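Observations on the three-dimensional arrangement
Here is how the chains run, residue by residue.
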Amino acid sequence: QVQLVESGGGLVQAGGSLRLACAASGRTRSTYVMGWFRQAPGKEREFVAAIGWAGGITDYADSVKGRFTISRDKAKNTVYLQMDTLNVEDTAVYYCAAEMSGGWGGHSNHHEYDYWGQGTQVTVSS
């Protein structure tokens, strides 16, 4: 129904920046929230940021607030994650996700999302 493809991951030194993109295709007209999550080795999947598709409201995990910025391009069906001042603790596989239930309340809960991308590796070196 909906396919998500992440891009932009890679290797960056601590203090540097990286920009991730997630392109959505398929039946996207019912998408209400797009989110970014990450998962490090041995850790559970962690909320990073989310954006409401229609109105653009955003929310961030405390660990990335002030450093990361989520945005979307409606015409391109694409959501972005600008990551600045990266540190080694940001190293993880980053996933984008689409939530189509029509509510904002569950935006930080990965169980509420309906579709997931394949993930892109972000590695930050000291």
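The notes below deal with the structure included here. (Residues numbered from 1 in each chain as written. Predicted model: local features only at pLDDT ≥ 70, side-chain atom pairs only at ≥ 80, totals over all residues. Heavy atoms only, no water.)

1. Quick notes on the nonpolar core
In this structure, Leu4, Trp36, Leu81, Met83 and Tyr94 are the most contacted members of the largest nonpolar core, which totals 36 residues. Elements with a contribution of two residues or more to this core: β1 (2-7), β3 (18-26), β4 (33-39), β5 (46-52), β7 (68-73), β8 (78-83), β9 (92-99) and β11 (120-125). Beyond its immediate stretch of four places on either side in the chain, Tyr94 contacts Glu6, Leu20, Trp36, Phe37, Arg38, Val48, Phe68, Leu81, Met83, Gly119, Thr120 and Val122. (Core = buried A, V, L, I, M, F, W, Y, C linked by side-chain atoms within 4.5 Å. Buried < 20%, exposed > 50% of the residue type's maximum accessible area, 1.4 Å probe, protein only. Helix = DSSP H or I, 4+ residues; strand = E, 2+ residues; numbered from the N terminus. Contact = heavy atoms within 4.5 Å.)

2. As for the state of the cysteines
Counting across every chain of the model gives one disulfide. Covalently, Cys22 is tied to Cys96 through a disulfide, its sulfur atoms 1.9 Å apart. Between Cys22 and Cys96, the S-S dihedral sits near 55 degrees, and the bridge is therefore right-handed. In this pair, Cys22 sits in strand β3 while Cys96 sits in strand β9, placing the two residues 74 residues apart along the sequence. Judged on exposure class, the residue Cys22 and its partner Cys96 are both buried. (Disulfide = S-S within 2.5 Å.)

3. Here's the deal with the pattern of salt bridges
All told, the structure shown has four salt bridges when counted by the stated rule. For Asp90, the salt bridge identified is with Arg38, shortest N-O distance 2.9 Å. Of this pair, Asp90 sits in the loop between β8 and β9 while Arg38 is found in strand β4, placing the two residues 52 residues apart along the sequence. In this structure Asp90 comes out as buried when scored by relative accessible area, which is 1%. (Salt bridge = Lys/Arg side-chain N within 4 Å of Asp/Glu carboxyl O.)

4. Remarks on the packing of aromatic side chains
On inspection of all chains with the given rule, the structure shows four aromatic pairs. Aromatic side chains Tyr113 and Trp116 sit 6.1 Å apart centroid to centroid with 55 degrees between the ring planes, which places their arrangement in the tilted category. Since its relative accessible area comes to 27%, Trp116 is described here as partly exposed. Linked through ring pairs, Phe37, Phe47, Tyr113 and Trp116 together constitute an aromatic cluster. Above the ring of Tyr95, the side-chain terminus of Arg45 is found at 4.0 Å from the ring centroid. (Phe/Tyr/Trp six-rings, centres within 6.5 Å; stacked < 30°, edge-to-face > 60°. Lys NZ or Arg CZ within 6 Å of the ring centre and 35° of its normal.)

5. A look at the pairing of β5
Counting buried positions along β5 yields six of seven residues, so the element is predominantly enclosed. As paired strands, β4 and β5 are joined by six bridges and run antiparallel to one another. Bridged to Phe37 within β5 is Phe47. Counting the residues between successive antiparallel strands, the hairpin from β4 to β5 contains six residues, one of them, Gly42, with a positive phi of roughly 75 degrees. (Pairing = 2+ DSSP bridges.)

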